[in-house]
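Below are the chains, spelled out letter by letter.
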Amino acid sequence: MASRIYADRKIVIITTFLVIGFIYLIRLFYIQVIDRSYTLSANNNVLRYVTQFPARGLIYDRNGKLLVYNEAVYDLMVIPRQVKDVDTAEICRLLGITAEGYHERMKKARDYSPMLASAFEKQISKETYGYIEEKLYRFRGFFVQPRTLRKYPMSIGAHLLGYIGEVTPVQVGKSDYYKQGDYIGISGIERAYEKELRGIKGLKIRMVDVFNRDVGSFENGRYDTSAVMGGDLYTGIDADLQQYGEKLMANKRGSIVAIDPATGEILCFLSSPGYDPNLLVGRVRGKNYGILNNDPIKPLLNRAIMGQYPPGSTFKMANDMVGLQMGVITKNTRYSCQGPGSSPIKCTHNHVSPLDVYMAIQQSCNPFHWQVFRAIMSDPNYENTKQRYDVWRKHLMSMGFGRKLNTDLAFELKGNLPPSEVFDKIYGVGRWNAMTIRSLSIGQGEVLTTPLQLVNYASMVANRGFFYPPHVVRSVGNEKNKTNFGNQKNVASINVEYIDIVIQGMREVFEGSHGTARAYKIDSLSMAGKTGTAQTSSGKDNSNFIAFAPVETPKIAICVIVEEAGFGSRWAAPIASLMIEKYLFHTVKRKEIEENMINANLLNN
Amino acid sequence: MKEQKGIFRHIDRTLILLYLALVLIGWVNIYAAVYNDEHASIFDLSQSYGKQMLWIVTSLILGLMVILTDAKFFNAFAYPIYGGTILLLVVVLFAGKEIAGSKSWFQIGGFALQPAEFAKFATTLALAHYLSALDFDSRKRKSQIIPLFILALPAVLILLQNDTGSAIVYASLALVLYRQGMPGSILLLGVAVAILSIMALLFNPYIVIAVIGVLLLGFAFFMRRNMRNVLTLAGIFVVASMFVQSVNYAFENILEFHQKTRINVLLGKQIDLKGAGYNVNQSKIAIGSGGFWGKGFLNGTQTKFNFVPEQSTDFIFCTVGEEWGFVGSTAVILLFLALIVRIILMAERQRSDFSRIYGYGVASILFFHFFVNIGMTIGLMPVIGIPLPFFSYGGSSLWAFTILLFIFIKQDSNRLQLV
């Protein structure tokens, strides 16, 4: 047995094994008995993992005014298994809850997990926190976690800013970031920029003694991470203009959206009736949400992007531009208001006839635009109505109708501009023509637009043929970090010369002797606009208006819709005009008009 | 009946008792690690602890079957058993199921089988068979190469399954070679290379070189300072420094990014949230918070809050440390050492080379698992995912370790027979 000579090697091997085992025992003795940070925990005191919630990013308007900031509040947390010998009556008294309330909360916490922290009472004010903090050492198993709440100093822009709320279990399941009780943006730009706003959570490991007193950080904070605040948002909103708009729209249903055509930045975005965004914050959110949600005039509905309205006469220039582009009319083409050709759409106004496109826009002549539409729908360059309709629709979509504009606001709807197949289905293939769908020529019938689409269309005209997606946020984190909407130039399929023709017509809406908005022209400012009085299914007309100014170098494009209020020239036009004045001159001189608008209550029309 | 009695008479009771103690303590700790109020019974088959009970019962049956097998069978069939497991290791690469990044499992109905676990005793058998053969001559080149090949083959196949931890286990069988007469310097060299490589990757190479220099100066202080010793130490310093530098160079310049990441994570150097560094921190917190007496059964908060991942498998020792404290940890470590030392002492009393070599193989493998697994949980070893024998939750590992041990028990009970 040759190997016997190596038998003493067993000593080497056994010694090595024992030495390593001994080293392990020393190491265990060190971390389990000697190291102080561990021995504290050894007395059955639990390390407390306190999440450091980052403050959400702030939101500024275009002039650096604060639209949203954060306020500190405190959540009282509980770890049910650690609750021992607690004076429940004292807690109830401090929090102002009943004994039943206490047990209910405790049961909920235990159901979630007996060993994990859950919120016992959320969003305790600073004052109450002061009282509780003093006595906290007597409430074993309870501790306080700071959080932040959103605050809206000017109480404006509810639909635009949106709100935040607790994450749903589904959202928790889908993400590594969110834990039960975390907050997430639910609507508006709070939702769209959730990732940028939320920041990065931190974690602090604290040690507590048997009396639930904080006795310092664990291993000198070696494993601690601090929270990183979310990025700030710099929006293109003009807070003063937004506030003014909300004032003008008080007691009216509808929407105002204004854009800076040069960039696509939204200056003002409101849906009326609105609500104070501070209502949907913190402990009162649930209750107030219920009230708002059940209100029959639907204050929660974001009409600016979800309201789909018939554009009415504001749509007429779009039709004219397509006609000019396709060459079926020229700037000199005149149509008569009366006679067999104009039937079945008759003129409601008293004016010279026949008239050209300039006069037709100025006076919003229905028969003229019907004739233009009929000319388009009988363009000899195409074989049939379906083809002509498809071309017409393609031009309109290039102006932003019938599609989403890829704005940064959640839940944008795309209006309605039906493809020809829809008419094939309704009337049968080849069995429909210009006459069948004549309402489209004056912005009625199937066509529906959101206020955002209408203002975008005004902006496209103001730019003479292009637009950037309308958007709220221009930079994230710091002012130099621009959002990328500036790279998304959309070009309409209409030549500049034709757009100039309709702009001339829209100017005369303000300046012409028969212009429908001539009463609201601002001295020393060149303006272009168009009224619309849109029939609705309720039988009452919506008052619509789009405009932009100054005509030469447009600074603002605007759309105003006042639901069931009557003529466009009666409500929407003056409101739009006041808004333009406010934005460009900062003060409004026409006090009488202003007062009339602010004081009018059109809710019960 | 008489023969039956004969079979059991020479069974080593101490080893059986140590085995049973470890398995039962392991089971209780698995229960504590994954305990939840709704399934409070330790026999609840929907929970890991209930299933572990099934593994324990089946392991005992397997152990009994091994005892009832003729002792000569394992020597005679060492190669077929080895060949069979190698085949399984190849097949699993193609037909296996991927769990946690390793393609090393066969899914059979409701449970998964890991052939790598069984390859451990198969390889030990083959190695013992080869080294104990009558025509074995350690001076021949062939006799030096073939044992290494026997070890390398399963290791490479397991590496291909992406299970680095299980592959490294085979290195521990070098101890068997050492006991059989391989020069100790080779073993030392191997250990030195491993330690230097890890140090070079963990720390700044210049610091490592400086530490080597200080250590060698220390040696020089105690040694006789003649020319020969000084030159030797200088030579060792130069070679070690160059080695450290080249490991560092190879790591930085030759490896791909993802390979670097894997090594960094393996060494606990790179912390991704669910990665190695996090586990070790949490594991140390759990064990360290146990204190001298421990927090008591089912009172461990760290393990129960799920701060320690894999707490019922690779990190089962955390529960021992947290709930049973220094006292309990010491008991478990002493049990393991007693088991392993007992195996070595028993191996030395064998008359057959095969049994002795196999015994050393068992001791080496068990010790390596003990060394790496517990070292990892207390932050002394890099995170290498291998189970703690008899302790960690899992059917494959418990079965395989049981067979590994019981083959040796059987060989030992047969030691008085003629060979």
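The rules behind each value
Residues numbered from 1 in each chain as written. Chains lettered and ligands numbered in written order. Predicted model: local features only at pLDDT ≥ 70, side-chain atom pairs only at ≥ 80, totals over all residues. Helix = DSSP H or I, 4+ residues; strand = E, 2+ residues; numbered from the N terminus. Buried ≥ 20, exposed ≤ 12 C-beta atoms within 10 Å, placed from the backbone. Contact = placed C-beta atoms within 7 Å. Core = buried A, V, L, I, M, F, W, Y, C linked by C-beta atoms within 7 Å. Pairing = 2+ DSSP bridges. Axes fitted to C-alpha atoms, helices over the stretch in contact; angles between N-to-C directions. pLDDT = per-residue confidence, 0-100. Parallel < 35°, antiparallel > 145°, perpendicular 65-115°, else oblique. Left-handed = near helix turned anticlockwise from the far one by under 90°. Nonpolar A, V, L, I, M, F, W, Y, C, P; charged D, E, K, R; others polar.

Participant: So what exactly am I meant to see when it comes to the overall build of chain A here?
Facilitator: Of regular secondary structure, chain A possesses 21 helices and 18 strands. For chain A, the residues scored as buried account for 44% of the 605 residues in total. For chain A, long-range pairs separated by at least 24 residues make up 72% of all intrachain contacts whose partners lie at least 6 apart in sequence.

Participant: Sorry if this is basic, but what is going on with the overall build of chain B here?
Facilitator: Secondary structure assignment for chain B yields 18 helices and three strands. In chain B, which comprises 419 residues, the share counted as buried stands at 44%. Excluding contacts between residues fewer than 6 apart, the proportion of contacts in chain B whose partners are at least 24 apart in sequence is 68%.

Participant: Where do I start with the nonpolar core in this structure?
Facilitator: Residues Val257(A), Ala258(A), Val455(A), Ala458(A), Ala547(A), Ile558(A) and Met579(A) are the most contacted members of the largest nonpolar core, which totals 120 residues. Dropping the residues within four chain positions of it, Val455(A) is found in contact with Val257(A), Ala258(A), Ile259(A), Ile546(A), Ala557(A), Ile558(A) and Cys559(A). Ranked by size, the runner-up nonpolar core spans 101 residues in total, among them Ile285(B), Phe315(B), Phe317(B) and Cys318(B).

Participant: Teacher, can you tell me more about the environment of Gly63(B) here?
Facilitator: Residues and elements named next belong to chain B. Its location among the elements puts Gly-63 in helix 3 (residues 48-68). C-alpha separation for the pair Gly-63 and Lys-410, spaced 347 residues apart in sequence, amounts to 9.4 Å. For Gly-63, the residues in contact, after removing those within four places along its chain, are Thr-402 and Phe-406.

Participant: Just checking my understanding: could you explain the sheet that holds strand 16 (residues 528-534) of chain A for this structure?
Facilitator: Backbone-to-backbone hydrogen bonds join strands into a sheet, with any given pair of strands oriented parallel or antiparallel. Residues and elements named next belong to chain A. Spatially, 12-11-18-17-16 is the arrangement adopted by the five strands of the open sheet, whose pairing is antiparallel. At either end of the open sheet lies a strand with only one pairing partner, and these are strand 12 (265-272) and strand 16. Taking each pair of neighbouring strands and ignoring which way they run, the sheet shows an average axis angle of 5°. Where strand 11 (residues 254-260) meets strand 12, seven bridges bridge the pair, whose relative direction is antiparallel. The partner of Gly-254 across the bridge, within strand 12, is Ser-272. The strands touched by helix 10 (residues 239-248) within the sheet are strand 11 and strand 12, with strand 12 carrying the most contacts at an inclination of about 25°.

Participant: Sorry, what's going on with the sheet that holds strand 2 (residues 102-108) of chain B here?
Facilitator: Residues and elements named next belong to chain B. The strand order 1-2-3 describes an open sheet built from three strands, whose pairing is antiparallel. One side of each edge strand has no neighbouring strand; the edge strands of this open sheet are strand 1 (97-99) and strand 3 (111-113). Within this sheet the neighbouring strands show an average axis-to-axis angle of 55°, counted without direction. As paired strands, strand 1 and strand 2 are joined by three bridges and run antiparallel to one another.

Participant: Is there a simple way to explain the pairing of strand 17 (residues 542-549) of chain A in this structure?
Facilitator: Regular strands show a simple pattern: their side chains alternate between the two faces of the sheet. All names here are of chain A. Counting buried residues along strand 17, eight of its eight residues qualify, which places the element largely inside the surrounding structure. The alternating pattern of strand 17 places Asn-542, Asn-544, Ile-546 and Phe-548 and Ser-543, Phe-545, Ala-547 and Ala-549 on opposite faces, both of which are buried. Inspection of the sheet shows strand 16 paired to strand 17 by seven bridges, in the antiparallel sense. Bridging from a neighbouring strand, Ala-534 pairs with Asn-542 of strand 17. Note that strand 17 and strand 18 (residues 556-562) share seven bridges and pair antiparallel. Bridging across to strand 18, Ala-547 finds its partner in Ile-558. Remark: six residues form the turn of the hairpin made by strand 17 and strand 18, two consecutive strands paired antiparallel.

Participant: Help me understand the confidence of the model for chain B, please; the structure alone is not making it clear to me.
Facilitator: Low pLDDT marks regions whose predicted coordinates should not be analysed in detail. All names here are of chain B. Taken over all residues, the pLDDT of chain B has a mean of 85, while the share at 70 or more is 89%. When pLDDT is averaged over each element of chain B, helix 18 (residues 395-413) comes out on top at 95 and helix 15 (residues 301-304) at the bottom at 58. Here residues 271-276 is a poorly scored stretch, pLDDT under 50, and it has ten contacts once near neighbours within four places are set aside; other chains count.

Participant: So what exactly am I meant to see when it comes to unusual backbone geometry here?
Facilitator: The phi torsion of most residues other than glycine is negative, and most of the peptide bonds are trans. All names here are of chain A. The step from Ser-272 to Pro-273 runs through a cis peptide bond, and the omega angle for that step is 0°. For Pro-273, the location among the structural elements is in the loop between strand 12 and helix 11 (285-294). Here the bond from Ala-549 into Pro-550 is cis, since omega is -15°, no more than 30 degrees from zero. With respect to the helices and strands, Pro-550 occurs in the loop between strand 17 and strand 18. In this structure, Ser-155 takes a positive phi of about 55° despite not being glycine. The residue Ser-155 is located in the loop between strand 5 (142-151) and helix 6 (158-161) in this model. For Asn-406, which is not glycine, the phi torsion reads 55° and is therefore positive. Asn-406 sits in the exposed class, given 12 other C-beta atoms within 10 Å.

Participant: Help me out: how do you make sense of the packing of helix 16 (residues 316-348) of chain B against helix 17 (residues 353-377) of chain B in this one?
Facilitator: Geometry of a packed helix pair, given as the angle between the helix axes and the separation of the axes. Residue and element names in this part refer to chain B. Relative to each other, helix 16 and helix 17 sit at 160°, their axes nearing to 9 Å. Of the possible angle classes, the one that applies to helix 16 and helix 17 is roughly antiparallel. Taken as a pair, helix 16 and helix 17 cross one another with a handedness that is left-handed. Along its contact with helix 16, which presents Phe-317, Cys-318, Phe-336, Leu-339, Ile-340, Ile-343, Ile-344, Met-346, Ala-347 and Glu-348, the element helix 17 presents Arg-356, Gly-359, Tyr-360, Val-362, Ala-363, Leu-366, Phe-367, Phe-370, Asn-373, Ile-374 and Thr-377. Partitioning the contact of helix 16 with helix 17 into residue classes produces 16 nonpolar, three polar and two charged.

Participant: Help me out: how do you make sense of the environment of Gln282(B) in this one?
Facilitator: Looking at the element boundaries, Gln282(B) is found in helix 14 (residues 276-288). Using a count of 22 C-beta atoms within 10 Å as the deciding quantity, one classes Gln282(B) as buried.

Participant: Would you explain the environment of Asn542(A) in this entry?
Facilitator: All names here are of chain A. Note that Asn-542 resides in strand 17. Taking the C-alpha atoms as reference, Asn-542 lies 8.5 Å from Pro-310; in sequence the two are 232 residues apart. Non-local contacts of Asn-542, meaning those with residues more than four positions away in its chain, are made with Tyr-309, Gly-312, Ala-534, Thr-536, Ile-561, Val-562, Glu-563, Glu-564 and Ala-565.

Participant: Help me understand the packing of helix 10 (residues 184-202) of chain B against helix 12 (residues 227-253) of chain B, please; the structure alone is not making it clear to me.
Facilitator: Residues and elements named next belong to chain B. Viewed as axis vectors pointing N to C, helix 10 and helix 12 meet at an angle of 55°, and their least axial separation amounts to 9 Å. One way to sum up the angle between helix 10 and helix 12 is to call them oblique. Note on packing geometry: the crossing formed by helix 10 with helix 12 is right-handed. Note on element contacts: helix 12 touches helix 10 through Ala-240, Phe-243, Val-244, Val-247, Asn-248 and Phe-251, opposite Leu-196, Ser-197, Ala-200 and Leu-201. Tallied by class, residues from the contact of helix 10 with helix 12 come to eight nonpolar, two polar and no charged.

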